[in-house]
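Structural overview
Each chain, letter by letter, is given below.
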Amino acid sequence: MAKLDVELTVNGEKYNLKVGSQERLLDTIRKQLKLTGTKEGCSVGECGACTVILDDKAVNSCMVLTAQVDGSQIITVEGLESKGGLHPLQKAFIEKQAIQCGFCTPGMLMSALALIKENPQPSKEEIKTALEGNLCRCTGYQQIIEAVEAAAEEWGV
Amino acid sequence: MTFKHVNKGIKRVDAYEKVTGKAKFGADMEFADMLFAKVLRSEYSHAEIKKIDVSEAKKMPGVKGVYTAFDIPNNLFGVIVQDQQVLAKDKVVLAGDGIVMAAAESEKEAAAALEKVKVKYEELDGIYDVMEARKEGSLKIHEDKEDNQVIHHPLRKGDVEKGFAEAYLILEREYTTQLIEHSYLEPEAVIVVPNDQNHLVSVYGSIQNPYAARSAVAAVLGVELADVRVIQNHIGGSFGGKDEVISAMAARAAVMALDLDRPVKMVNTREESFTESYKRHPYNLKYKIGATEDGKLTAMEIEAAADSGGYACQTPFVTWRSVVQATGPYELDNVKTDTYGYYTNNPYTGAMRGYGSPQVIFAQESLMDELAEELDMSPVELRKKNMYSQDSVTASGQKLDGHTVSLAEVMEKAMKEINYEEKYKEYSKEQFGDKKRGIGLSISFRGCSLGAEAIDAAASLIQINKDGSAAVYSGLAENGQGLKTIFTQITAEVLGIRIEDIDYMEVDTTFTPDSGSTVASRATLIGGNAVKNAAEKLRKRIINFAADKFDFSADNLALKDGFLYDESGNRLALFSDLTQEMGNTGILLSAYGWYKGPEISWDEEKGCGNPYFTYVYGCQIAEVEVDTGTGELTILEMAAAHDVGRAINPANVKGQIYGGVMMGLGYGIMEELEVEKGMIKTKNFHDYLIPTIKDMPEIKPIIVENPDPDGPFGAKSIGEPTLELGSAAIANAVAHASGRRIRSLPLNLERVLIGRSLHKGGK
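Keep in mind that this is a model prediction, so the values were computed, not measured.

Remarks on the overall build of chain B
Each helix and strand in chain B was counted, giving 20 helices and 30 strands. Computed over the C-alpha atoms, the radius of gyration of chain B is 27 Å, within 12% of the 27 Å expected from 2.2 N^0.38 for a compact globule of 763 residues. On the principal axes, the C-alpha backbone points of chain B span a range of 75 × 75 × 50 Å. Sorting the 763 residues of chain B into buried and exposed places 61% on the buried side. Here the analysis covers contacts within chain B between residues at least 6 apart in sequence; of these, 79% occur between residues at least 24 apart.

Quick look at the structure:
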């Protein structure tokens, strides 16, 4: 089957890629771009481990075909840290002990990022709604909520 | 006692890697020339395999090898009973059994090849009910066994007949618990590299217990332990779950990698993970309890039957923990307990956070509330009258005198935090409307570490570099629980150096000493002592060197903050200058640490002895709202008080409490794996629901600290106690709110509304 030409901007860098028509964005990110911070947990859009930012929205990258998002801007967990250091969300996750095994962490960070970009001062309920699609089996979520609140306080406008 | 690094909520040492995506998990690993493999699993839960035809599969594009049980050198393995098949040979005994495996240039090609495999089965009648399995003359699942019984643990104390004769009231109740999935977020992954760095095989992946995996791979291949190297990666949750299932996976990949002389990677999809992995044991529990009119317990008789599924796995040990905890933390002169495990054709069951305790606690703590109601006493009053205090003697005859028995303290603190007394009084009054509130509690004592299951020892290795930085190796494995951070804190505390100067190394079975499995909430207690032991040896060596050098008495020198101090607090030298000099003088700056737990005893025939050398105590309280019109159950608030001895890292302990409470909530009100004739129906998170962030109640964690004489800096355990109490507390709260006593888990919509499951014959 002929491959399709796709242009993606991932973490600020432009890529011209050839993808199959059925290739999932998750596979493009993990296998082609070797950005393995984005995780695969269920492959059916239920666990949120594969969450990335697609044009400002948090999406499950296992449910998106790469060919559909030609020309898009994507942010993955690898795009959070900059030359200036860790992103406020990353710092807050560390500070608030919001991490245990760390497998859900990249997806959680991405959902939280999309939330705070859209709603810089979210309430606890709004945080819960934004993170509802991200399962975590270790933390019981409490310290994740605290981290998002702390990050919003430091970074939100 | 004041500490510099211990007893502080310092940041996790693995946090940076985990928030940046740099942490490599099993599925993230790549090796040159790597192949991918997939497994074909059974279409039946009990069947004879008549014929396997792989000829078409072998011809498929990209395929390098197709294998059956006949290609496996030793096809049976198991930590306790060697009855688990790497691939099913003549017979499948459960739906997760693999039959054929294929390695190919891509995952897709491996999967496509397996679709061409033709297996001819002859379906057999199966046993899917543990009570059927135990009947005399019932169909045998393993023909070489006498019957379906995996294990029977008896416990006898006093004379129950006499005890019941003395009782004013006798209650008999039956409870059941369900099959649940660990639901670690990371599906299982392994990569086996053949002929790697002087090893026959190197195994990488999401491995909870690297030494157990090494033993299994070596046994299956028929080679020495030294031929197999297991290197642990970051592991995306385990909760007891990534043990035998990973061993089987690693053994399969090893067979293929050796045959093809190329690395082989295997990553389960979520559906494969649900299908193949072992689960938590469902229990059928019969309780009989007697009490005097004023609420003093006179006797307890318990019969518990656990469903082991097709393999024994860890059933003998899981059920043994149930024996010790079955009566709960209550003084009783007369006890008769019989705990059994049986083979069925259901998914097999093994270790899961809590081991055999959540099941018996659900039953026994529900029973205490039922008894209190019958006696017209409050649940708290009945418990206070009977629960263990200092020097109490347990059902197995152990006197609790070596540590602080803090049941009264944990209970009082939890009650205060959630305002129990006031809410209990309020909700005990008549409530109008459909929505009714209630509050319920449960308490437990839990033996720390392995107890009489196995030898309880662990090792560590600390290497100090000339520049004063250090590397810590332990044979116990980070599963996400925070062990690297805890062990780093202990090292920093003893050596008086900074957390940043310590590197914590991943488990590598070739370099780190065998320390048994990272299970039973034993890592901080046993492993922490081993790390402390190594650090203390090194500190002594450094202090002695400094005492000679500065002509001081060693007793008057201290290491702190990266410096050597005298008794008046004067800085004498930099830690790094001392290590530099010692290194240059040829003094060894590495030390092994070792710790073996204190003596314990167990008489398996009579069920008596001192099964654990110390215990932890906990109390959880749930406040709920029940909509009696719809069956909707909302958990409003939970308080969880746990005595941890000493919290090495309080922020981490809180994380364990939050996580354990939520997992206990899932077990209590929503999770249940649907199985029909042994076939799993719910295979992903759209139909097997685990708690989301929206299911969270307000959780109040309470850390109670009574330092234990045998714990490192007094620390004990926290991982498992946090989830064993929730389901009983919730069931008691629901009964308090609605008047409906539910004796089967989970307390889902239908049970709360109509008192039983909607399934045919459902409990």
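A closer look at the overall build of chain A
A tally of helices and strands in chain A yields five helices and five strands. In sequence order, chain A lays out its α and β elements as β-β-α-β-β-β-α-α-α-α. Relative to the globule expectation of 15 Å for 157 residues, the C-alpha radius of gyration of chain A, 15 Å, shows essentially globular dimensions. Dimensions of chain A, computed from the C-alpha atoms along their principal axes, are close to 50 × 30 × 25 Å. A burial count over chain A gives 54% of its 157 residues as buried. Considering only contacts within chain A whose residues lie at least 6 apart along the sequence, 57% involve residues at least 24 apart.

A closer look at the interface of chain A and chain B
Contacts between the two partners involve 40 residues from chain A and, on the opposite side, 45 residues from chain B. Elements supplying a minimum of two residues to the side of chain A that touches chain B: helix H2 (88–95), helix H3 (105–118), helix H4 (124–131) and helix H5 (142–155) of chain A. Tallying contributions element by element places H2 of chain A first for the side of chain A that touches chain B, with four residues. Along the lines of polarity and charge, the residues of the side of chain A that touches chain B split into 18 nonpolar, 14 polar and eight charged.

Remarks on the packing of H4 of chain A against H5 of chain A
All names here are of chain A. The N-to-C vectors of H4 and H5 enclose an angle of 115°; their axes lie 10 Å apart at closest approach. As judged from the angle between their axes, H4 and H5 are roughly perpendicular. The two elements H4 and H5 meet at a crossing, and its hand is right-handed. Touching Lys124, Ile127 and Leu131 of H4 are Ile144, Ile145, Val148 and Glu149, all from H5.

Overview of the domain arrangement of chain A
Residue and element names in this part refer to chain A. Once the domains are mapped, chain A shows domain 1 (4–79) and domain 2 (88–155). With centres defined by C-alpha atoms, the gap from domain 1 to domain 2 works out at 21 Å. Taken together, the contacts link 14 residues of domain 1 with 13 residues of domain 2. Among the elements of the structure, strand S3 (51–54) and strand S4 (57–60) are those that each provide at least two residues to the side of domain 1 that touches domain 2. Here the side of domain 1 that touches domain 2 takes three residues from S3, the largest share from any one element. Among the residues forming the side of domain 1 that touches domain 2, the class breakdown is seven nonpolar, four polar and three charged.

Section: the environment of histidine 87 of chain A
All names here are of chain A. Checked against the element boundaries, histidine 87 lands in the loop between strand S5 (73–75) and H2. A sequence separation of 26 residues divides histidine 87 from leucine 113, and the C-alpha atoms of the two residues are 9.8 Å apart. What histidine 87 contacts, discounting residues up to four positions off in sequence, is Leu80 and Glu81.

Some thoughts on the sheet that holds strand S10 (residues 169–176) of chain B
Residues and elements named next belong to chain B. Sheet architecture is open: five strands sit in the order S9-S17-S16-S15-S10, paired in mixed fashion. Where the open sheet ends on each side, the last strands, each with one partner, are strand S9 (149–157) and S10. Ignoring strand direction, the axes of neighbouring strands in this sheet form an average angle of 5°. When S9 meets strand S17 (residues 335–343), the two strands line up antiparallel, connected through eight bridges. Across the sheet, the residue bridging to isoleucine 151 is glycine 341, located in S17. On top of the sheet, helix H9 (residues 315–325) reaches S9, strand S16 (297–309) and S17; it is set at about 20° to S9, its chief contact.

Section: the sheet that holds strand S24 (residues 571–574) of chain B
Hydrogen bonds between backbone atoms are what pair the strands of a sheet, whose relative direction is either parallel or antiparallel. Residues and elements named next belong to chain B. An order of S22-S23-S24 is seen for the three strands of this open sheet, with the pairing classed as antiparallel. The outermost strands of the open sheet, each flanked by one partner alone, are strand S22 (558–560) and S24. Shown here is a sheet whose adjacent strand axes are inclined to one another by a mean of 30°, direction ignored. Sheet topology places S22 next to strand S23 (residues 563–565); three bridges connect them, and they run antiparallel.

With respect to the domain arrangement of chain B
Quite often, the size of an interface is put as the accessible area lost when its parts meet. All names here are of chain B. Per the domain assignment, the segments making up chain B are domain 1 (15–22 + 457–596), domain 2 (31–124 + 188–267) and domain 3 (283–451 + 603–754). Taken over C-alpha atoms, the centre of domain 1 sits 37 Å from the centre of domain 3. Each side of the interface is counted separately: domain 1 has 16 residues, and domain 3 has 16 residues. Of all the secondary-structure elements, those providing two or more residues to the side of domain 1 that touches domain 3 are helix H14 (483–495) and helix H15 (523–550).

Regarding H9 of chain B
Residues and elements named next belong to chain B. In terms of burial, H9 is a largely internal element, 10 of the 11 residues being buried. Restricting attention to buried positions, one finds in H9 the residues Thr315, Phe317, Val318, Thr319, Trp320, Arg321, Ser322, Val323, Val324 and Gln325. Where H9 is buried, its residues contact S9, S16, S17, helix H10 (357–374) and strand S18 (435–447).

A short note on the confidence of the model for chain B
Summarising the model, chain B shows a mean pLDDT of 96, and 100% of its residues fall at 70 or more. Quick note on the complex model: pTM equals 0.97, ipTM equals 0.98.

Comments concerning unusual backbone geometry
Between leucine 745 of chain B and the following residue, proline 746 of chain B, the backbone shows a cis peptide bond with an omega angle of -5°. The phi dihedral of asparagine 11 of chain A is positive, around 50°, even though this residue is not glycine. Position of asparagine 11 of chain A among the secondary structure elements: in the loop between strand S1 (4–10) and strand S2 (13–19). The class for asparagine 11 of chain A is partly exposed, based on 18 C-beta atoms found within 10 Å. The phi dihedral of serine 183 of chain B is positive, around 60°, even though this residue is not glycine.

Focus on the nonpolar core
Residues Ala102, Ala250, Ile621 and Val734 of chain B are the most contacted members of the largest nonpolar core, which totals 300 residues. The contact partners of isoleucine 621 of chain B, leaving out residues within four places of it in the chain, are Ala414, Met415, Ile418, Tyr420, Ile439, Leu441, Met638, Ala639 and Ala729 of chain B.

What about the environment of arginine 41 of chain B?
All names here are of chain B. Relative to the helices and strands, arginine 41 resides in strand S1 (residues 35–41). For arginine 41, a count of 19 C-beta atoms within 10 Å translates into the label partly exposed. Sequence separation between arginine 41 and glutamate 272 is 231 residues; the distance between their C-alpha atoms is 8.8 Å. Beyond its immediate stretch of four places on either side in the chain, arginine 41 contacts Gly96, Asp97, Gly98, Ile99, Thr275 and Glu276.

Overview of the pairing of strand S26 (residues 615–627) of chain B
Residues and elements named next belong to chain B. Extensive coverage of S26 is indicated by the burial of 11 of its 13 residues. In the sheet, S26 pairs with strand S27 (residues 633–643) via nine bridges, with the strands oriented antiparallel. Looking at the pairing, glutamate 623 lines up with glutamate 637 of S27. Hairpin geometry of S26 and S27 is characterised by an intervening segment of five residues between the two adjacent antiparallel strands and by a positive phi of about 85° at glycine 631.

With respect to helix H7 (residues 244–260) of chain B
Taking 1.5 Å per residue as the helical rise, H7 of chain B with its 17 residues ought to reach 24 Å, and the 24 Å between its terminal C-alpha atoms agrees with that figure. Counting buried residues along H7 of chain B, 14 of its 17 residues qualify, which places the element largely inside the surrounding structure.

Topic: the environment of valine 264 of chain B
Residues and elements named next belong to chain B. One can find valine 264 in strand S14 (residues 264–267). Expressed as a C-alpha distance, the spacing of valine 264 and valine 19, which sit 245 residues apart in the sequence, is 29 Å. Setting aside anything within four residues of it in sequence, one finds valine 264 in contact with Leu35, Ala37, Ala103, Val192, Ala253, Met256 and Ala257.

Cut-offs and rules
- Residues numbered from 1 in each chain as written.
- Chains lettered and ligands numbered in written order.
- Predicted model: local features only at pLDDT ≥ 70, side-chain atom pairs only at ≥ 80, totals over all residues.
- Helix = DSSP H or I, 4+ residues; strand = E, 2+ residues; numbered from the N terminus.
- Rg over C-alpha atoms; globule rule 2.2 N^0.38 Å.
- Buried ≥ 20, exposed ≤ 12 C-beta atoms within 10 Å, placed from the backbone.
- Contact = placed C-beta atoms within 7 Å.
- Nonpolar A, V, L, I, M, F, W, Y, C, P; charged D, E, K, R; others polar.
- Axes fitted to C-alpha atoms, helices over the stretch in contact; angles between N-to-C directions.
- Parallel < 35°, antiparallel > 145°, perpendicular 65-115°, else oblique.
- Left-handed = near helix turned anticlockwise from the far one by under 90°.
- Domains from an automatic or database assignment.
- Pairing = 2+ DSSP bridges.
- pLDDT = per-residue confidence, 0-100.
- Core = buried A, V, L, I, M, F, W, Y, C linked by C-beta atoms within 7 Å.
- Expected span 1.5 Å × (residues − 1).

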